[in-house]
Amino acid sequence: MSTPKLLEVEDLRVTYRTAGGDLPAVRGVHLTVDKGQTLGVAGESGCGKTSVASAILRLLPPGARATGRVLLQGEDVLAMNWGRLRAVRWSAAAIVFQGAMHALNPVRTIGRQIVEPILLHERGVGARAARKRAAGLLEQVGVPSWRLRSYPHELSGGQRQRVMIAMALACAPDLIIADEPTTALDVMVQAQVLDLLRGLVRERGLGLVLISHDLAVLADVCDRVAVMYAGRVVEEGPGHRLFTDAVHPYARALAAAFPTIGDPASRLAPHGLPGDPPDPRGLPTGCPFHPRCAAAVERCRTEDVLLRPAAPDRSAACVHIGTEAVAP
Ligand SMILES: Nc1ncnc2c1ncn2[C@@H]1O[C@H](COP(=O)(O)OP(=O)(O)O)[C@@H](O)[C@H]1O
Ligand SMILES: [Mg+2]
């Protein structure tokens, strides 16, 4: 039998129960990540990126339901009992959430917050050893170890994000999921944090799922990128190719919205794309992108196309793909 992949997400669906009815936030997502590989997940706000990230480690809020399979080294996270899930969190996979200020506890020192998961998840590791490891982790992410005694508000935004990464590394997971880890940072610091993540993948052979609304950032860092729209992946392929010659009209629009890597304009929502993403509670018929798509034809109103091979090493979900070229 072949060794299982680090992460295989199969037909993941996430639905939130809301006052206005069920909200299908993720509608059948498939993703694969191997050790030493970085997978980017791109898409506008609301397309379901955070829901995917949260579902992978079963961190969805109450009232949310996830179905499908999330295989972490072959073992289905969605089917684990709580004991097993606790063991897997941190030590097999860890998440760096967006907005480090809110994710860190303001009344606890940095040291305590890095040491805590180590003591909790690794029996037999004493307080001294845990503190030593925490100091080493801080140094590794480029924060001086005397900062162990600091409180979150005493650090810059970039340092806080680095601390979050150090926390995620605390129990040496094989997989890290980073949800918009650089969105709140200025361009220079953003580049430094991305370099740090890239270095960790290279040196530790981690698998990394890097989530961002900014396709340019992902193209620069990721081996492969999946572009999401309305709860589904609409194109998946090699990172740089998705930025330079995407085939799905939405992926193209997203690439055009972030023209250069590190451009301050990449702080903004995609421009040049008319309209807003649809409300998941009332998706358009056919392809959910058709009301905003310059290449839409009559069939797009009725035909809901799933991901299919578009080129070697690439798949996309568009009626034009595999039939005729999409107009530039
Ligand atoms: N806790 C929640 N309750 C209800 N709806 C939610 C909740 N979290 C997210 N959603 C909805 O799910 C959809 C996807 O959200 P999210 O996964 O946060 O997208 P993204 O991270 O790509 O911005 C959005 O329509 C959002 O409004
Ligand atoms: Mg999000």
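Look above for the structure.
Everything numeric here is computed off the predicted structure, so don't read it as measured data.

Novice: Lay out the overall build of the protein chain in plain terms, naming residues and giving numbers.
Specialist: A tally of helices and strands in the protein chain yields 10 helices and 12 strands. Viewed in the frame of its principal axes, the protein chain has a C-alpha envelope of about 65 × 45 × 45 Å. Out of the 328 residues in the protein chain, the part that is buried amounts to 52%. Within the protein chain, counting contacts between residues at least 6 apart in sequence, those at least 24 apart form 65% of the total. As displayed, the protein chain offers around 14800 Å² of accessible surface, 54% of which is attributable to carbon and sulfur atoms.

Novice: Describe helix H2 (residues 82–91), listing the residues and the values that go with them.
Specialist: Residues of H2 that are buried include every one of Leu85, Val88 and Arg89, and no others. Buried residues along H2 cover an arc of 105° about the axis, so they all sit on one side. On its buried face, H2 is in contact with strand E4 (64–72), strand E6 (93–96) and helix H4 (110–121). The N-terminus of H2 is capped by Asn81, whose side-chain oxygen sits 3.2 Å from the backbone nitrogen of Gly83.

Novice: Give a detailed account of the site of ligand 1, specifying residues and quantitative values.
Specialist: For ligand 1, the set of nearby residues contains 14 residues, the closest of which are Gly46, Gly48, Lys49, Thr50 and Ser51. In this structure, an oxygen atom belonging to ligand 1 sits 2.8 Å away from a side-chain N or O atom of Lys49. One of the side-chain nitrogen or oxygen atoms of Thr50 is found 2.8 Å away from an oxygen atom of ligand 1. For ligand 1, whose free accessible area comes to 550 Å², the fraction covered by protein is 67%. At 3 residues, helix H1 (residues 49–56) tops the list of elements feeding residues into the shell around ligand 1. Partitioning the shell around ligand 1 into residue classes produces 6 nonpolar, 6 polar and 2 charged.

Novice: A description of the nonpolar core should follow, citing residues and the corresponding values.
Specialist: The nonpolar side chains of a soluble globular protein tend to be buried with one another. Core analysis: the largest hydrophobic core is formed by 64 residues, its most contacted members being Ile114, Leu138, Ile165, Leu210 and Val227. Core analysis: the next-biggest nonpolar cluster, separate from the first, contains 36 residues, Leu6, Ala25, Leu31 and Ala226 among them.

Novice: Quick one: what's the story with unusual backbone geometry, residue by residue and with numbers?
Specialist: One non-glycine residue, Arg58, adopts positive backbone phi at about 50°. With respect to the secondary-structure elements, Arg58 resides in the loop between H1 and E4. We note that Trp90 has phi near 75°; this positive angle belongs to a residue other than glycine.

Novice: Lay out the sheet that holds strand E11 (residues 308–311) with the relevant residues and their values.
Specialist: Ordered by their spatial adjacency, 8 strands build an open sheet running E6-E7-E8-E3-E9-E10-E12-E11, and the pairing between neighbours is mixed. Here the strands that pair on one side only, and so sit at the sheet edges, are E6 and E11. In this sheet, adjacent strand axes meet at a mean angle of 25° when their direction is disregarded. For strand E7 (residues 175–179) and strand E8 (residues 207–212), the ladder comprises 5 bridges, and the chain directions are parallel.

Novice: Tell me about the side chain of Glu235, and name the residues and values.
Specialist: Structurally, Glu235 can be placed in strand E10 (residues 232–238). A polar contact is formed between the side chain of Glu235 and the side chain of Arg314, at a distance of 2.9 Å. Discounting residues that sit within four places of it in the chain, Glu235 has contacts with Val225, Ala226, Val227, Leu242, Ala246, Val247, His248, Ala251, Leu307, Arg314, Ser315 and Ala316.

Novice: Go over the packing of aromatic side chains with me, naming the residues and quoting the values.
Specialist: Here the structure, examined in full by the defined rule, presents 3 aromatic pairs. The interplanar angle of 80° and the centroid separation of 5.1 Å between the aromatic rings of Tyr229 and Phe289 together place this pair among those described as edge-to-face. Residue Tyr229 is located in strand E9 (residues 224–229), and its partner Phe289 is located in the loop between helix H10 (249–257) and E11; the two are separated by 60 residues in the primary sequence. Residue Tyr229 is classed as buried on the basis of its relative accessible area, which comes to 3%. Linked through ring pairs, Tyr229, Tyr250 and Phe289 together constitute an aromatic cluster. One cation-aromatic arrangement involves Arg58 over Trp82; the distance from NZ or CZ to the ring centre is 5.1 Å.

Conventions used here
- Note that residues are indexed from 1 along each chain, following the sequence as it is written.
- Written order determines the labels here, with chains lettered from A and ligands numbered from 1.
- This being a predicted model, a pLDDT of at least 70 is required before a residue's local features are given, and a value of 80 or more before pairs of side-chain atoms are given or counted; all residues contribute to the totals for chains, interfaces and linings.
- The side-chain values count all of the structure's non-hydrogen atoms but skip hydrogen atoms and water molecules.
- Strands are runs of DSSP state E lasting at least two residues, helices are runs of H or I lasting at least four, and both sets are numbered from the N terminus onward.
- Each residue is placed in one exposure class: buried if its accessible area under a 1.4 Å probe, protein chains only, is under 20% of its type's maximum, exposed if it is over 50%, and partly exposed if it falls in between.
- The contact definition used throughout considers only heavy atoms, calling two residues in contact when any of these lie within 4.5 Å.
- Here the accessible surface of atoms and residues is derived via Shrake-Rupley with a 1.4 Å probe, and residues count as covered only by protein chains that are part of the display.
- This arc is built from the directions going out from the helix axis to the C-beta atoms.
- Under this definition, polar contacts are N or O atom pairs within 3.5 Å; protein pairs additionally need one hydrogen-donor-capable and one acceptor-capable atom, and for neighbouring residues in sequence, both atoms have to be side-chain atoms.
- Whether a residue is near a molecule or strand depends on its heavy atoms: it is near if one of them lies within 4 Å of it.
- For this classification, Asp, Glu, Lys and Arg are treated as charged, while Ala, Val, Leu, Ile, Met, Phe, Trp, Tyr, Cys and Pro are nonpolar and the rest, including Gly, are polar.
- Residues enter a nonpolar core if they are buried and are Ala, Val, Leu, Ile, Met, Phe, Trp, Tyr or Cys, with the set joined through side-chain atoms within 4.5 Å.
- Only when DSSP finds a minimum of two bridges between them are two strands counted as paired.
- Axis angles are defined between N-to-C directions and span 0 to 180 degrees, where every axis is a line fitted to C-alpha atoms and, for a helix, only to the segment in contact.
- Within 6.5 Å between ring centres, the rings of Phe, Tyr and Trp (the latter by its six-membered ring) count as paired, and their orientation is classed by plane angle as stacked under 30 degrees, edge-to-face over 60, tilted in between.
- The rule is short: NZ of Lys or CZ of Arg within 6 Å of the ring centre and within 35 degrees of the ring normal puts a charge over the ring.

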